[in-house]
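Listed below are the residues making up each chain.
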Number of protein chains: 2
Amino acid sequence: MDEVKVIEIKKSIFADNDKDADALRRELKQKGVYLLNVMSSPGSGKTTTLIRTINLLKDKLRIAVMEADIDSDVDAVKIRQATGIPSIQLHTGGMCHLDAEMTRQGLDNVPMDGVDLVILENVGNLVCPAEFDTGSCCNAMILSVPEGDDKPLKYPLMFSVCNVVVINKMDVLPYFDFDLGRCREHIALRNPKAQVIPICAKTGEGVEAFADWLLQEVNNWKK
Amino acid sequence: MDEVKVIEIKKSIFADNDKDADALRRELKQKGVYLLNVMSSPGSGKTTTLIRTINLLKDKLRIAVMEADIDSDVDAVKIRQATGIPSIQLHTGGMCHLDAEMTRQGLDNVPMDGVDLVILENVGNLVCPAEFDTGSCCNAMILSVPEGDDKPLKYPLMFSVCNVVVINKMDVLPYFDFDLGRCREHIALRNPKAQVIPICAKTGEGVEAFADWLLQEVNNWKK
């Protein structure tokens, strides 16, 4: 029951990733499947956030998850156990990001029948994943309070390519020098259109706002 | 006074980084300069840890710092203001790591006269920097409590290449599901010889143990 499918992702052979990503997006549009690419630092709470979000949406949408990781299978097992939805593990073989072709290799192994939403949990890294369009319909990133409100200044590309920034671990705000207003300003410098949604994945606080936003996105995509 | 030297690092032209790194290490040995490469996730507290450590050691050693960052100069300014020691900023131009040639470009801009210890703060990233030998005498990594004790399972290479793992933000242990014993076990799986030093850079607790360890390393290198 706890066994998850593990896909060893091969290095991409496509020279033009942007073209390939656009082609993948068109295919997804035709199939009515919404692909969400979730990026963050290691340890920002991607998996916990996804579990909470999926549990809020799984009665409204058919969801599948692809967990990209360099080596371990911890996250795919966790997602499946906590939500009951199909989850596969993508092993990147040491690679620090996914591109569109690597994402496609993953999607080929997802049971896509009737699926509305596929969530891709990218490798934990604020640098390289931002450079490669995965073909997703939307980029989300999770920034956690302990990482600091200066991250948009230091990792500009990541914040530029994200449509939504989820600020996680809001419960520990009193213990860190993190100012939500200042963080919003720093994000706006990089990307004035980015949605900013503060949550606490541990307690569930605020996750509904993210789930509602995502549900609307998926419904708009399928129109 | 607050202006720091900013070096735009060029992409390396050397095909064999390992060879180049070994050559750099030999040169450093001849000059009696110890190069410490510090790696971590974004937001784990590298800069604060370095400031504390430098302030404990600056009367015993002549120290210089190279701060690698994709874009900003925040850290080099912070280090100089808080410690008074020479600090330069290396801009990687979007690159996710430093290799030996890039490190050498930085060192060429450090005032090396009489310097005992050069600290390189690598790009905040648990994946790519682990793949490139910078030519340093020692690799240190900082893992912070909020990131979780499972990180050695998920980023195996990073923990394999590190001689010392500093566990930072020990003050917030009560608010996170982080078990120090379990973390030590996970680190030992990847690297049984790694030193593990728990600290709190914010309060300074435990930093002396890291500074003592580093002082001994530098003295051994100069013998």
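Each remark here, short or long, concerns the structure printed above.
So, a few notes on the structure that sits alongside this text. (Residues numbered from 1 in each chain as written. Chains lettered and ligands numbered in written order. Predicted model: local features only at pLDDT ≥ 70, side-chain atom pairs only at ≥ 80, totals over all residues. Heavy atoms only, no water.)

1. So, the pairing of strand β5 (residues 117–121) of chain A
Residue and element names in this part refer to chain A.
Then, number 1: Counting buried positions along β5 gives 5 out of 5 residues, so the element sits mostly inside the fold.
Then, number 2: The alternating pattern of β5 places Leu 117, Ile 119 and Glu 121 and Val 118 and Leu 120 on opposite faces, both of which are buried.
Then, number 3: As paired elements, strand β2 (residues 34–40) and β5 share 5 bridges and run parallel to each other. Across the sheet, the residue bridging to Asn 37 is Leu 120, located in β5.
Then, number 4: Of the strand pairs in this sheet, strand β3 (residues 63–69) and β5 are connected by 5 bridges, and their pairing is parallel. Paired with Ile 63 across the strands is Leu 117, a residue of β5. (Buried < 20%, exposed > 50% of the residue type's maximum accessible area, 1.4 Å probe, protein only. Helix = DSSP H or I, 4+ residues; strand = E, 2+ residues; numbered from the N terminus. Pairing = 2+ DSSP bridges.)

2. So, the sheet that holds strand β2 (residues 34–40) of chain B
All names here are of chain B.
Then, number 1: Across the sheet, which stays open at both edges, the 8 strands sit in the order β1-β4-β3-β5-β2-β6-β7-β8 with parallel pairing between neighbours. Each edge of the open sheet carries a strand with a single partner, namely β1 (6–8) and β8 (195–198). Averaged over neighbouring strand pairs, the angle between their axes works out to 20° when direction is ignored.
Then, number 2: The sheet contact formed by β2 and strand β6 (residues 138–144) spans 5 bridges and is parallel. Among the inter-strand pairings, Ser 40 is bridged to a residue of β6, identified as Ile 142. (Axes fitted to C-alpha atoms, helices over the stretch in contact; angles between N-to-C directions.)

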